[in-house]
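In case you want the letters, here they are:
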Amino acid sequence: MSKISFDVMNARVTFKNVPIHTLSKFSFKDVNAACTEFKKIPGVEECVIIQSATRVEIFTVSNVETDDSPDARRPEGKVLVLNQIKDTWISLSSLEQIDIDHFDQTLEVYKGDDVYLNLLRLTSGLDALVVGWQNVFDDVVNAITNAKNAGTSGPILNKLFESVIRLSTRMRDTTGISKDVVSLGDVAVKLVDEKAGLDSKKKVLLIGTGESAATLVKALDKKGISFDVTSRTLERATGFTTILGGTPIDFNDVLTSFDKYDIVFVATTSDYFLITYDRIRLVMEEKTKGTLILDLSEPRTVDEGITALPGIKLLFRDQIAEIYEESVRTRTGIVPAVEKIIEKELPVLSARMKRFDA
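The paragraphs below set out a description of the structure included in this document. Because the structure is a prediction, the values reported are computed rather than measured.

## A short note on the pairing of strand 5 (residues 204-207)
In strand 5, alternate side chains face the same way, and those of V204 and L206 on one face and L205 and I207 on the other are all buried. Where strand 5 lies against strand 8 (residues 263-266), 4 bridges are found, and the strand directions are parallel. Bridged to V204 within strand 8 is I263. Both strand 5 and strand 6 (residues 228-230) contribute to a ladder of 3 bridges, which runs parallel. Bridge pairing in strand 6 links L206 to V229. A crossover links strand 5 with its parallel partner strand 6, the connecting element being helix 9 (residues 211-222), and its sense is right-handed.

In structure tokens:
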């Protein structure tokens, strides 16, 4: 005998499997409009999208026909819905053919209890770019609030998100995982502010588009500092700034106008020196104001030889490593306590959600 049951699905792309500068290709210009389009897929009843600088996650609830007998399952409906979700995602994003060809390898898809587990890990701060980050929790709250207002969520996702938000609030409060969270970018911006003063009058450049660069952007945004962003290709810089902000600049243009910057943050994964004495000597020889450069890259990508040029002060990651690593150790020590709570609460949440089927 067949019956209709609901199927909760989470399809996602995050910073863990896609470079941050590429995530903009997977994002939606209008999240509420995208939710509405996903709801038009036959069988899809609810949709919530979490979209931020580090992830694009789609949560859907669809009606799927199943059989009571264990040897007569009907997976066709689930496969069809997933394929239509992929097609709709591609049609609403700016993915190019090369990205579409690898979409199946890039996309993570979860069902049932795995959806609940992922959402708990996300809202508790375990799956954040910086463990414990509050803004990840805020992203989840905003996502369900927007979906409710737009009418794209429903009783199942509302219950799921409300339950997870309540549980995660308790986890954050009892374990302290979100207390005094300090990112690499926070420590770096504080050091530069102490050494050179960081205000709206300063011309700031960020070289790099990876995870460390993303934390720098968050820290600069907190202080209301505008900045330029460059990378080895203009496409990377543009993709990065589309999501995180800043003005993309071609790297060759940066080298010829290096003298206009007062503060330069370097956070790349390059295996060779990007900034050398010979590359910036001509443009920097006549500069009268000082330039502070902080190289957070591992290995270093700024040659110490540039300090022979007048007015240049060069700082390295070593000078903030102790403060940052202490913060990381503190967060890491709390993670097992959070995971233990999640392990205990997941079966309870799963049972609560199964009652909707009944």
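## Here we look at the packing of helix 8 (residues 184-196) against helix 9
Remark: helix 8 packs on helix 9, axes separated minimally by 7 Å, with the N-to-C direction vectors making an angle of 55 degrees. Classified by the angle between their axes, helix 8 and helix 9 sit oblique to one another. Both helix 8 and helix 9 take part in a crossing whose hand is right-handed. Of the residues in helix 9, those in contact with L184, G185, D186, A188 and V189 of helix 8 are S212, T215, L216, A219, L220 and K222. Among the residues forming the contact of helix 8 with helix 9, the class breakdown is 6 nonpolar, 3 polar and 2 charged.

## Notes on the nonpolar core
Formed by 71 residues in total, the largest nonpolar core has its most connected members in V8, Y116, L160, F161, F240 and F265. Residues contacting F265, with those up to four places away along its chain left out, are A188, V189, V192, V204, L205, L206, I207, L216, L220 and L294. M9, F38, L82 and L107 belong to the second largest nonpolar core, which has 23 residues in total.

## Observations concerning helix 5 (residues 113-124)
Note on helix geometry: an α-helix contains 3.6 residues per turn, so any two residues three or four positions apart are oriented the same way. Taking 1.5 Å of rise per residue, 12 residues should cover 16 Å, and helix 5 covers 16 Å from first to last C-alpha, within 8% of that figure. Within helix 5 the residues assigned to the buried category are V115, Y116, N118, L119, L120, L122, T123 and S124.

## Brief notes about the side chain of T60
Structurally, T60 is set in strand 3 (residues 55-67). Excluding anything up to four places from it in sequence, T60 contacts D7, V8, M9, V44, E46, C47 and I85.

Conventions we followed
- Residues numbered from 1 in each chain as written.
- Predicted model: local features only at pLDDT ≥ 70, side-chain atom pairs only at ≥ 80, totals over all residues.
- Heavy atoms only, no water.
- Buried < 20%, exposed > 50% of the residue type's maximum accessible area, 1.4 Å probe, protein only.
- Helix = DSSP H or I, 4+ residues; strand = E, 2+ residues; numbered from the N terminus.
- Pairing = 2+ DSSP bridges.
- Right-handed = clockwise from strand over helix to strand, strands pointing away.
- Axes fitted to C-alpha atoms, helices over the stretch in contact; angles between N-to-C directions.
- Parallel < 35°, antiparallel > 145°, perpendicular 65-115°, else oblique.
- Left-handed = near helix turned anticlockwise from the far one by under 90°.
- Contact = heavy atoms within 4.5 Å.
- Nonpolar A, V, L, I, M, F, W, Y, C, P; charged D, E, K, R; others polar.
- Core = buried A, V, L, I, M, F, W, Y, C linked by side-chain atoms within 4.5 Å.
- Expected span 1.5 Å × (residues − 1).

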